Amino acid sequence: MNTVVLLTLTGLGLAALYFLVASGLSLVFGLADVLNFAHGLFLGVGAYATWWAAGNLPGAGPDGLGFVVAVLFGVLAGSLVAVLVELVLIRPLYSRTIEQVLVTVGLSLAGVALLQATWGADPRTFPRPAWSRQVTSVLGAQVPNAGLLLIVAAVLVLGALLAFLRWTRYGLIIRAGVENREMVTALGIDVRKAFTLVFAIGGAAAALAGALGGVYFGTVSPGQGGSLLIFAFIVVVIGGMGSVVGSAYAAVAVGLLQQFVNYYGTSGLGDLCVVGLLAVVLLLRPQGLAGKVAHA
Amino acid sequence: MVEPVLSVADLSVRIAGLHILQGVSFEVAPTGVTVLLGRNGVGKTTTLRAIVGLTPRGGEVGGTVRMGARSLLARPTHRLVRDGLGYVPEDRCVFAGLTVAENLRLAERRGTTPAYDKVFALFPELDRRGRQRAGSLSGGQQQMLAIGRVLLNDNRLLLVDEPTKGLAPKVVTEVAEVLERVAESVPVLLVEQNLAVVRRLASDAVVLSAGRVAWTGDARELLLETALTKSLLGVGAEVKA
């Protein structure tokens, strides 16, 4: 019983990490039709900016309020980089899918190289608050606090995103744009502002994933964003392009499947099963669990 | 001579190597309904979409389109719409996942007062169904929503693409009634296949054939000439309004 609880909660922690990366990716693709392979860079920027801020930024630190300031700095940095990427590189390439893929793949590779050149290729120890290294007893299972922190953060982000999409003018524009972007412009709305906004939101969520992923794994390395991005893409496809709720469901499915199969089967088998789940969803429900139906 | 609200001169559109419009020229009168007619595939929808700046990316658009003194072709769609070019697309294009109220709210513009009274007077159904998802509305109700959305704001010209397509006869009559009332206050460029609706609404007609203007003139005159309508549109005009 303890093992099941532990696996469930650590699986949900992993799901939370996937959701934070995938939610922005999904919104960006759903609204702007941009397959952003540079999304992992925002995660890397968030992680390294938090790591740097905890050691160097006045008022920031590895513990208490200082850690919150460091994370906020990381989130802001990730969001800022995402906005710059949208404005400078993506905006001239809307509706040019191949060029977008080339640019974002190139940018992700260049970003990793830049992080390596600046801080080295080896993992750096992440400045973690003391309590995040401790465990909490849940139904008899000793669950790492870092995992619980990720779950709480992902739930808060999910709630904030849903409230934003449901109650704000830009949320309405994004929901409509995911359905029919052209018609949004035909109502007199400059949809490009919404594109920039979803990049900012996606960048912030990915950067938060980077910062909290650093707490979870205990280290930060240049390639971390890229490896998480693969699973985030799988989550987006399973959940349905453009659906935040779909991403949440899919992240939970992927996180739990990975964790349970890796534990009860062979290590690494969980990753294979996730790819199998992706194949099944693509065969049975190509639009994903909650995505818009694609028309030929 | 009354100044036209819209002047289209030598409009050409090429999409994916196909020369769909080949030098289309016509004018839209500042009052009433000007109807754009023609057989399927002659470029009626392409004309409307080119005017409102929605030619697919990669398509080439040439010629000039003017609304008053302002040239339209180089301007982005959202600016044209804010300047008073209302567009009701073919197949309605309501946002199926949003409620009726949200569809309308989306069309509101900052700095202006949306004319909900006018819209709900024309379409009381929209007021009653505010919380219903637009995707669950009937075709006629969706058409009312698509038109109502545009009428929330002041327009200098409305482009309406096949508003009666796929609708039941009773609903066609309702939509025609509404457009008739709308056209009392704002000029309309209408694409329509239903000649009964054309007879009821249109004052001027522009007939396209194979991407060119084949005939322009008084719509009622056109519909009286059975041989002409047969040759241009492939149908007789003996339809009761």
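This one's a predicted model, so the numbers in the text were calculated from it and none came from an experiment.

Criteria and thresholds
Residues numbered from 1 in each chain as written. Chains lettered and ligands numbered in written order. Predicted model: local features only at pLDDT ≥ 70, side-chain atom pairs only at ≥ 80, totals over all residues. Helix = DSSP H or I, 4+ residues; strand = E, 2+ residues; numbered from the N terminus. Rg over C-alpha atoms; globule rule 2.2 N^0.38 Å. Buried ≥ 20, exposed ≤ 12 C-beta atoms within 10 Å, placed from the backbone. Core = buried A, V, L, I, M, F, W, Y, C linked by C-beta atoms within 7 Å. Contact = placed C-beta atoms within 7 Å. Nonpolar A, V, L, I, M, F, W, Y, C, P; charged D, E, K, R; others polar. Axes fitted to C-alpha atoms, helices over the stretch in contact; angles between N-to-C directions. Parallel < 35°, antiparallel > 145°, perpendicular 65-115°, else oblique. Left-handed = near helix turned anticlockwise from the far one by under 90°. Pairing = 2+ DSSP bridges. Expected span 1.5 Å × (residues − 1). Bend = angle between axes of the 7 residues up to and from the residue. pLDDT = per-residue confidence, 0-100.

Colleague: Looking at this structure, I do not really get the overall build of chain A. What am I missing?
Modeller: Counting secondary structure elements, chain A contains ten helices and four strands. Reading chain A from its N terminus to its C terminus gives the helix and strand order α-α-α-α-β-β-β-α-α-α-β-α-α-α. For 296 residues, the compact-globule estimate of 2.2 N^0.38 gives 19 Å, and chain A sits close to it at 19 Å. In terms of overall dimensions, chain A has C-alpha extents of about 55 × 45 × 35 Å along its principal axes.

Colleague: What is the right way to look at the overall build of chain B in this model?
Modeller: In terms of regular secondary structure, chain B is built from ten helices and ten strands. Over its C-alpha atoms chain B spans a radius of gyration of 17 Å, differing by no more than 12% from the 18 Å that the globule rule assigns to 241 residues. By principal-axis analysis of the C-alpha atoms, chain B measures approximately 45 × 40 × 40 Å. When the 241 residues of chain B are sorted by exposure, 42% land in the buried category.

Colleague: Explain the nonpolar core to me, please; I cannot follow it from the model alone.
Modeller: Nonpolar side chains in soluble globular proteins tend to be buried together. Residues and elements named next belong to chain A. Ranked by size, the top nonpolar core spans 178 residues in total, and within it Tyr18, Leu20, Val21, Leu208, Ala232, Val235 and Val254 carry the most contacts. In terms of residue count, helix α1 (residues 2–32) provides more of this core than any other element does, 18 residues in total. In contact with Val21, not counting residues within four places along its chain, are His39, Leu43, Ala206, Ala209, Leu228, Leu229 and Ala232.

Colleague: So what exactly am I meant to see when it comes to the interface of chain B and chain A here?
Modeller: When the parts of a complex come together, some accessible area is lost, and that lost area is often taken as the interface size. Contacts between the two partners involve 20 residues from chain B and, on the opposite side, 15 residues from chain A. Every element with two or more residues in the side of chain B that touches chain A is listed here: α2 (77–82) and α3 (100–107) of chain B. In terms of residue class, the side of chain B that touches chain A is built from eleven nonpolar, three polar and six charged.

Colleague: What's the story with the environment of Glu3 of chain B in this structure? I'm lost.
Modeller: Residues and elements named next belong to chain B. One can find Glu3 in the segment before β1 (6–15). We classify Glu3 as exposed; it has 10 C-beta atoms within 10 Å. A C-alpha to C-alpha distance of 29 Å links Glu3 and Ala146, two positions 143 residues apart in sequence.

Colleague: Please explain the packing of α1 of chain A against helix α8 (residues 224–239) of chain A as it appears in this structure.
Modeller: A pair of packed helices is captured by two measures, namely the crossing angle of their axes and the spacing between those axes. All names here are of chain A. Contact geometry of α1 with α8 gives a least axis separation of 8 Å together with a crossing angle of 60 degrees. In terms of their interaxial angle, α1 and α8 are classed as oblique. For α1 against α8, the interelement crossing comes out right-handed. Between α1 and α8, the residues in contact are Leu17, Tyr18, Val21, Ala22, Leu25, Ser26 and Phe29 and Leu228, Leu229, Phe231, Ala232, Phe233, Val235, Val236 and Gly239, respectively. Tallied by class, the residues present in the contact of α1 with α8 amount to 13 nonpolar, two polar and no charged.

Colleague: What should I look at first to understand the sheet that holds strand β2 (residues 18–28) of chain B in this one?
Modeller: Strand pairing within a sheet occurs via backbone hydrogen bonds; the two strands may be parallel or antiparallel. Residues and elements named next belong to chain B. Spatial ordering of the open sheet is given by β2-β1-β4-β5, a layout of four strands whose pairing is antiparallel. Two strands bound the open sheet, and with one partner strand each, they are β2 and β5 (70–71). For β1 and strand β4 (residues 60–67), the ladder comprises seven bridges, and the chain directions are antiparallel. In the sheet register, Ser12 faces β4, and the bridge partner there is Gly62.

Colleague: What exactly am I supposed to notice about α8 of chain A here?
Modeller: Owing to its 3.6 residues per turn, the α-helix brings residues three or four apart onto one side. Residue and element names in this part refer to chain A. Given a rise of 1.5 Å per residue, 16 residues ought to cover 22 Å, and the 22 Å separating the end C-alpha atoms of α8 matches this to within 8%. Along α8, the sharpest change in direction is near 25 degrees and occurs at Ile230. Within α8, 13 of the 16 residues are buried, which leaves the element mostly enclosed by the surrounding structure. Backbone geometry just after α8 places Gly240 at a positive phi near 110 degrees.

Colleague: Got a minute to help me understand the confidence of the model for chain A in this structure?
Modeller: Caution applies to low-pLDDT parts of the model: their predicted coordinates are not meant to be read in detail. Per-chain confidence: chain A averages 92 in pLDDT, with 98% of residues scoring 70 or above. Across chain A, the element-wise mean pLDDT spans from 91 in α8 of chain A up to 96 in helix α3 (residues 64–90) of chain A.

Colleague: What should I look at first to understand unusual backbone geometry in this one?
Modeller: Even without glycine at this site, Ala16 of chain B takes up a positive phi of about 50 degrees. Locating Ala16 of chain B in the fold gives a position in the loop between β1 and β2.

Colleague: Help me understand the environment of Ala219 of chain B in this model?
Modeller: All names here are of chain B. Along the polypeptide, Ala219 turns up in helix α9 (residues 219–224). Looking at Ala219, the number of C-beta atoms within 10 Å reads 22, which means it is buried. The spacing of Ala219 and Arg200 is 19 residues in sequence and 9.9 Å in space, taken between C-alpha atoms. The residues touching Ala219, leaving out its near neighbours within four places in the chain, are Val35, Val198, Ala202, Ser203, Asp204 and Ala205.

Colleague: Is there a simple way to explain the pairing of β1 of chain B in this structure?
Modeller: As a general feature of sheets, a regular strand has side chains that alternate between the two faces. All names here are of chain B. The pairing of β1 with β2 spans eight bridges and is antiparallel. If you follow Val13 over to β2, its bridge partner there is Leu21. Taken together, β1 and the strand that follows it, β2, pair antiparallel across an intervening segment of two residues, in which Ala16 is found at a positive phi of about 50 degrees.

Colleague: Honestly, the sheet that holds strand β6 (residues 85–88) of chain B in this entry has me stumped. Any pointers?
Modeller: All names here are of chain B. Read from one edge of the open sheet, six strands run β6-β7-β8-β3-β9-β10, paired in mixed fashion. The sheet is open, and its two borders are formed by β6 and β10 (212–218), each paired with just one other strand. In this sheet, adjacent strand axes meet at a mean angle of 15 degrees when their direction is disregarded. Bridging between strand β7 (residues 157–161) and strand β8 (residues 188–191) involves four bridges; their strand directions are parallel. Bridge pairing links Leu158 to Val188 in β8. Taken strand by strand, helix α6 (residues 139–151) contacts β6 and β7, and its axis lies near 170 degrees from that of β6.

Colleague: Would you explain helix α9 (residues 244–264) of chain A in this entry?
Modeller: Residues and elements named next belong to chain A. Between its first and last C-alpha atoms α9 spans 30 Å; for 21 residues at 1.5 Å apiece the expected length is 30 Å, and the two agree. Listing the buried residues of α9 in full gives Val244, Gly246, Ser247, Ala248, Ala250, Ala251, Val252, Ala253, Val254, Gly255, Gln258 and Gln259. Of the surrounding elements, those touching the buried residues of α9 are α1, α5 (145–167), α8 and α10 (269–284).

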